[in-house]
Amino acid sequence: VRIVLPPTSLTKMFLNPHVRASVFRLARSSAAAGFPPHPPSSSSAAATCAARDSTRSTSRVIPNTIPMRTFASLTSLIKELRTQTGAPMVECKKALSDPDVDGDLAKAAEWLRKHGSAKAASKLTGREASEGLVGLLTSRDGTSASIVRVASETDFASRSDAFGKLVEDVANAALSLDTDGEIDVEADLLPASTRSNAATVKDALDEAILAIRENLQISEANRVTAAAGSETVLADYVHGKIPGSTCAGTSAALVEIVKTDDNSKTTQDEMKEVGKKLAMHVVAAKPTYLSPDEVPSDVLDKEKAILMEQMADSGKPADILEKIVTGRLRKFYEGVCLTDQPHMVEEGNPKVSKTLAEKGLEVKSFQYKSIQ
């Protein structure tokens, strides 16, 4: 290649010592490679090129296309992997650059689950997780339901799409189990399969930790199965649902309603409506026990002792004090027992047990969970 420059430009270039050194190095390397110092004639140049081409064609075959991952293609793969997993860009690049992955997105996602989530979880373990969401799902036939609580460090993280998806995965997995009552998270729930791309609840949890970069925990989970027959209804209510989710919110309640009167004309739809209102009441009133009969004796004795101590200096006879304590215990029951509470959704706030009895119904059980 000949570069022709005006004499003035050549003079200025060779006045620069760096340019002179570069030219001398280029000349030496050309001579060492066997190139002639002066350009050959046109005929000899053509013969030389033809000989070189014939030698190359016999020595090796040059493929038409050479597979090469360009910077643009790597960037697009990183972007797609981040969209799929929510992992940081640096982690996505590490995964795609691993020799065993070689740019395969499926293998890269698996690499992130094995390496990225474990690394993130080890850094986040021990940090307080006091925020989060509650998930509640009822089966299509209405005979079973699950209610779970998943915790996060911040309210901002709990509002993300990745966290909402995790709560739905956990609720679906809990609903698919055969266990009733409280579910053992470590032994039964984490190995359970999900309906999403994640194979198990543990995989879904790891993916969410990798995407959100917070300490996430499945705090508790329960599953309820209604009694067989058409006389029982499970009704639910989720409060403070996050956008785009049908089952995740800040609090939720599940109630089991049964018929007590065989002659009751209350239909299934009416029972569901009654149950829905009662579930809304549970979220608002936050009862602790179903009825006074379910209050533990130690809790009741402690409450009685507090009331007696409050009236110790009243100077009233013991039998009068006993009647006063009994009356005040009714107020205590109204605060903690569902059946004795004033119904906060019904007009006039009648007692819950009275509202249900008028329709030939009673509440058999309830579940309430809140993130706070």
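Residues numbered from 1 in each chain as written. Predicted model: local features only at pLDDT ≥ 70, side-chain atom pairs only at ≥ 80, totals over all residues. Heavy atoms only, no water.

Engineer: Quick question: what am I supposed to make of the side chain of Thr194 here?
Structural biologist: Looking at where Thr194 falls in the secondary structure, it is placed in the loop between helix H9 (185-189) and helix H10 (201-212). For Thr194, the contacting residues outside a window of four places in its chain are Asp169, Ala199, Thr200 and Val201. (Helix = DSSP H or I, 4+ residues; strand = E, 2+ residues; numbered from the N terminus. Contact = heavy atoms within 4.5 Å.)

Engineer: Can you help me understand the sheet that holds strand S3 (residues 181-182) in this one?
Structural biologist: In spatial order, the strands read S3-S4-S2-S1-S6; together these 5 strands make up an open sheet with antiparallel pairing. Both outer strands of the open sheet, S3 and strand S6 (248-249), are each paired with one neighbouring strand and no more. Where strand S1 (residues 131-138) lies against strand S2 (residues 144-152), 8 bridges are found, and the strand directions are antiparallel. Note on S2: the bridge partner recorded for Gly132 is Ala151. Against the sheet, helix H8 (residues 161-176) touches S1, S2, strand S4 (217-225) and S6, its axis set at about 145° to S2. (Pairing = 2+ DSSP bridges. Axes fitted to C-alpha atoms, helices over the stretch in contact; angles between N-to-C directions.)

Engineer: Just to check I follow, could you spell out unusual backbone geometry for this structure?
Structural biologist: Of note, the phi angle at Lys286 is positive, near 55°, even though the residue is not glycine. Here Lys286 lies in the loop between helix H11 (268-285) and helix H12 (297-310). You will see that Asn349, though not glycine, has its phi angle at about 55°, which is positive. Its place among the elements puts Asn349 in the loop between helix H13 (318-336) and helix H14 (352-357).

Engineer: Help me out: how do you make sense of the environment of Gly360 in this one?
Structural biologist: Inspection of the secondary structure puts Gly360 in the loop between H14 and strand S8 (361-370). The class for Gly360 is buried, based on a relative accessible area of 8%. (Buried < 20%, exposed > 50% of the residue type's maximum accessible area, 1.4 Å probe, protein only.)

Engineer: What is the right way to read the nonpolar core from this model?
Structural biologist: In globular proteins that are soluble, nonpolar side chains generally tend to be buried together. Membership of the largest hydrophobic core comes to 31 residues, with the highest contact counts inside it found for Phe163, Leu166, Val170, Leu189, Val201, Leu216 and Ile218. The element that contributes the greatest number of residues to this core is H8, accounting for 8 residues. With near-sequence residues (within four places) excluded, Phe163 lies in contact with Gly132, Leu133, Val150, Ala151, Ser152, Ala157, Ser158, Ile212 and Leu216. Formed by 19 residues, the second largest nonpolar core is a distinct cluster that contains Met271, Val274, Leu356 and Leu361. (Core = buried A, V, L, I, M, F, W, Y, C linked by side-chain atoms within 4.5 Å.)

Engineer: Any chance you could explain the pattern of salt bridges here in plain terms?
Structural biologist: Side chains carrying opposite charge are able to pair once their charged atoms draw close together. Summed over the entire model, instances satisfying the criterion amount to 7 salt bridges. Between Glu220 and Arg149 there is a salt bridge; the shortest N-O distance is 3.0 Å. With a gap of 71 residues between them, Glu220 in strand S4 and Arg149 in strand S2 connect regions that are remote in the sequence. Sharing partners across several salt bridges, the network here consists of Arg149, Glu220 and Lys369. (Salt bridge = Lys/Arg side-chain N within 4 Å of Asp/Glu carboxyl O.)

Engineer: What exactly am I supposed to notice about the sheet that holds strand S7 (residues 251-259) here?
Structural biologist: Consider a sheet: its strands pair through backbone hydrogen bonds, and that pairing is either parallel or antiparallel. As summarised here, the arrangement of the 3 strands in space is S5-S7-S8, forming an open sheet in which the pairing is antiparallel. Only two strands of the sheet have a single neighbouring strand rather than two, namely strand S5 (232-239) and S8. Neighbour to neighbour, the strand axes of the sheet diverge by 15° on average, direction disregarded. With 8 bridges connecting them, S5 and S7 associate as antiparallel partners. Counterpart to Val233 in the pairing with S7 is Ile257. Sitting on the sheet, H11 touches S5, S7 and S8, and the angle it makes with S5 is about 40°.

Engineer: In this structure, what is going on with the packing of H12 against H13? I would like to understand it.
Structural biologist: Axes are the key here: two packed helices are described by the angle between their axes and the distance separating the axes. Orientation of H12 relative to H13, taken along the N-to-C sense of each, is 125°, at an axis distance of 10 Å. What the angle tells us is that H12 and H13 run oblique. By crossing handedness, the relation of H12 to H13 is classed as right-handed. For the pair formed by H12 and H13, the contact residues are Val299, Leu300, Glu303, Lys304, Leu307, Met308 and Gln310 on the first element and Leu321, Val325, Arg328, Leu329, Phe332 and Tyr333 on the second. Here the contact of H12 with H13 is built from residues that sort into 9 nonpolar, 1 polar and 3 charged. (Parallel < 35°, antiparallel > 145°, perpendicular 65-115°, else oblique. Left-handed = near helix turned anticlockwise from the far one by under 90°. Nonpolar A, V, L, I, M, F, W, Y, C, P; charged D, E, K, R; others polar.)

Engineer: Looking at this structure, I do not really get the packing of aromatic side chains. What am I missing?
Structural biologist: For any pair of aromatic rings, geometry is given as the distance between the ring centres together with the angle between the planes. Under the counting rule described, the total for this entry stands at 1 aromatic pair. For the pair Phe332 and Tyr333, a centre-to-centre distance of 5.9 Å together with 50° between the ring planes defines the contact as tilted. Summarising the burial analysis for this pair, Phe332 and Tyr333 share the class buried. (Phe/Tyr/Trp six-rings, centres within 6.5 Å; stacked < 30°, edge-to-face > 60°.)

Engineer: I'm lost on the environment of Leu133 in this one. Help?
Structural biologist: Relative to the helices and strands, Leu133 is located in strand S1. For Leu133, a relative accessible area of 0% translates into the label buried. Leu133 sits 119 residues away from Ala252 along the chain, and the two C-alpha atoms are 9.5 Å apart. Residues contacting Leu133, with those up to four places away along its chain left out, are Val148, Arg149, Val150, Ser158, Phe163, Val167, Ile242, Ala248, Gly249, Thr250 and Ile371.

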